[in-house]
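Inside the fold
Here's the letter readout for the chains.
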Amino acid sequence: MTVSTQGPGFRPRAALAMSAEAAAAVLDPESLDALAAICDLAPPPVLDDFTTPRARSVLAGADVLVTGWGCPRLDAEALEAAPRLRAVVHTAGSVRAHITDACWQRGIEVSSAASANALPVAEYTLAMILLTGKNVLERARDYRASRTRDDWLRTPRTVGNHRRTVGIVSASLIGRRVIELLRPHDLDVLLHDPYVDDAQAAGLGVTRVGLDELFARCDTVSVHTPLLPATRGLVGRRLIGAMRPGAVLINTSRGAVVDQKALTDAAVAGRIRAVLDVTDPEVLPPGHPLWDCGNVLITPHLAGSQGNEWRRLADLALAETARWASGAGFLHPVRRERLAFQA
């Protein structure tokens, strides 16, 4: 069949493929109007099931899919119903849940808003590094309980953010952004990433070290590695046991990267502190000891884009769709060969 050529004047046929909740959250009316100015956009409802007769009809004419959380898998069967499909623009980060080998075999171009979603995660991480450096969470709790100010001139020299050593596990999109945000502060930053050499680390302004050395030397360790077969349980009992007494482990990546039992044992014993935006399982059972552990802060996977931050995701997706339609190509492509190293 003949497919329209990208370039000036080309208006691709597009459809939204995600959950209705994701569409309502990320794509406000203004964003939808902007998308409709670029594409011939299929009318609602969004596609959250590729097997229905309506979905098959929409897919048959789609040149590009704008996807989001809750998008069904684009497997060979779904692609058979979408003979014109040439591009997928994802309004979130990871594409692992819906992009399959069949997409790459068809030569479908894929873009992701991972770079936009990295920003709030890095901001959250920076905030937690600085707050835990001052022991803010514990001191605020004690202040609330006592209603009496402590003798601040007796503050231990282990408290504060001057010349603390921070370790970053993985120079991922988020890890690199955290490194950038740490530069104005008087902190020493170490990095472990097997795919970064000394020269590249120097370019980032950090010192590259082995994983064991990083955990042993750092006052705070922040985990940003994607969850892969090789990284499941990467932060295990040996590494956690090597951490300095009172050191902080921050995890905003995936819960399963950290050995939950080893972390729990060390935290409950009072050896280390932790800030966990993710856990394994994602919601801990009601009776789990970490819920009542005073030196652990657990947040409900909120570091990524939420609220007004969703606008960044929508704006990036709109820009990518416009670039692709014009023939300029994606500015934030997802490469098949890099997928194994991405979240």
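Residues numbered from 1 in each chain as written. Predicted model: local features only at pLDDT ≥ 70, side-chain atom pairs only at ≥ 80, totals over all residues. Heavy atoms only, no water.

In the nomenclature of an unreviewed UniProt entry, the protein chain corresponds to Hydroxyacid dehydrogenase from the organism Streptomyces caeni.

When helices and strands are counted, the protein chain shows 13 helices and 12 strands. Overall, the C-alpha framework of the protein chain stretches about 75 × 45 × 35 Å when taken along its three principal axes. Residues classed as buried in the protein chain amount to 49% of the 343 residues present. Long-range pairs, those at least 24 residues apart, make up 66% of the contacts in the protein chain between residues at least 6 apart in sequence. For the protein chain, the exposed surface amounts to about 16,500 Å²; the carbon and sulfur share of it is 55%. (Helix = DSSP H or I, 4+ residues; strand = E, 2+ residues; numbered from the N terminus. Buried < 20%, exposed > 50% of the residue type's maximum accessible area, 1.4 Å probe, protein only. Contact = heavy atoms within 4.5 Å. Areas by Shrake-Rupley, 256 points an atom, 1.4 Å probe, with all protein chains shown as cover.)

What follows deals with the side chain of S172. Within the secondary structure, S172 is located in the loop between β6 (164-169) and α8 (173-182). What makes S172 buried here is its relative accessible area of 19%. Here G175 takes part through its backbone nitrogen, which lies 3.1 Å from a polar atom of the side chain of S172. Polar contacts involving the side chain of S172 include one to the main-chain carbonyl oxygen of H224, which spans 3.1 Å. (Polar contact = N/O pair within 3.5 Å; in protein donor to acceptor, adjacent residues only side chain to side chain.)

Right, let's get into a nonpolar patch on the surface. Nonpolar side chains collect at one region of the surface, where L131, V136 and L137 lie side by side and expose about 190 Å² of accessible area between them. Positionally, L131 belongs in helix α6 (residues 114-133). Using a relative accessible area of 32% as the deciding quantity, one classes L131 as partly exposed. (Patch = residues over 30% accessible without salt bridge, like charges linked within 9 Å, V, L, I, M, F, W, Y side chains within 5 Å. Salt bridge = Lys/Arg side-chain N within 4 Å of Asp/Glu carboxyl O.)

Okay, the UniProt feature "domain: D-isomer specific 2-hydroxyacid dehydrogenase NAD-binding" (unreviewed entry) in the protein chain next. Mapped onto this structure's residue numbering, the UniProt feature "domain: D-isomer specific 2-hydroxyacid dehydrogenase NAD-binding" (unreviewed entry) falls at residues 127-303. Secondary structure across residues 127-303 divides into 32% helix and 16% strand, with the first and last C-alpha atoms of the span separated by 11 Å. (UniProt positions renumbered as here; feature names shortened; annotations may be inferred.)

This brings us to the pattern of salt bridges. The final tally for this structure, using the stated rule, is 19 salt bridges. With its nearest N and O atoms 3.8 Å apart, the salt bridge here joins R312 to E123. In this pair, R312 sits in helix α13 (residues 310-326) while E123 sits in helix α6, placing the two residues 189 residues apart along the sequence. It is possible to trace a salt-bridge network through shared partners that takes in D28, E30, R311 and D315.

With that settled, the discussion passes to the sheet that holds strand β2 (residues 40-41). Hydrogen bonds along the backbone pair up the strands of a sheet, which may run parallel or antiparallel. Pairing in this open sheet of five strands is parallel, and the strands run β2-β1-β3-β4-β5 from one edge to the other. Whereas interior strands pair on both sides, the edge strands pair on one side only; in this sheet they are β2 and β5 (109-112). Pairing of strand β1 (residues 13-17) with β2, which is carried by two bridges, proceeds in the parallel orientation. Across the sheet, the residue bridging to A14 is L41, located in β2. In the packing of α13 onto the sheet, the strands contacted are β3 (64-67), β4 (87-90) and β5, and the crossing angle to β4 comes to about 160°. (Pairing = 2+ DSSP bridges. Axes fitted to C-alpha atoms, helices over the stretch in contact; angles between N-to-C directions.)

Enumeration according to the criterion identifies zero disulfides in this entry. Residue C39 stays outside any disulfide, its sulfur separated by 16 Å from that of C71, the closest cysteine. (Disulfide = S-S within 2.5 Å.)

Glancing now at the sheet that holds strand β7 (residues 187-192). Within the open sheet, the seven strands sit side by side as β8-β7-β6-β9-β10-β11-β12. Their pairing is parallel. Single-partner strands in this sheet number two, and they are β8 (207-208) and β12 (296-298). The pairing of β6 with strand β9 (residues 220-223) spans four bridges and is classified as parallel. When the bridges of β9 are listed, V169 appears paired with V223. Packing of α8 onto the sheet brings it into contact with β6 and β7, and relative to β6 it is tilted by some 160°.

Looking now at the packing of α6 against α8. Contact geometry of α6 with α8 gives a least axis separation of 8 Å together with a crossing angle of 50°. Comparing the axis directions of α6 and α8 gives the class oblique. The two elements α6 and α8 cross, and the hand of that crossing is right-handed. Side by side, α6 and α8 meet where A114, S115, A118, L119, V121, A122, E123, T125, L126 and I129 of the first sit next to L173, I174, R177, V178, L181 and L182 of the second. For the contact of α6 with α8, the class distribution of residues is 12 nonpolar, two polar and two charged. (Parallel < 35°, antiparallel > 145°, perpendicular 65-115°, else oblique. Left-handed = near helix turned anticlockwise from the far one by under 90°. Nonpolar A, V, L, I, M, F, W, Y, C, P; charged D, E, K, R; others polar.)

It is worth spelling out unusual backbone geometry at this point. Cis geometry marks the peptide bond from P44 to P45; its omega dihedral reads 5°. Relative to the helices and strands, P45 is located in the loop between β2 and α3 (53-61). In this chain, D280 is followed by P281 through a cis amide linkage whose omega measures 5°. Residue R163 is not a glycine yet carries a positive backbone phi of 65°.

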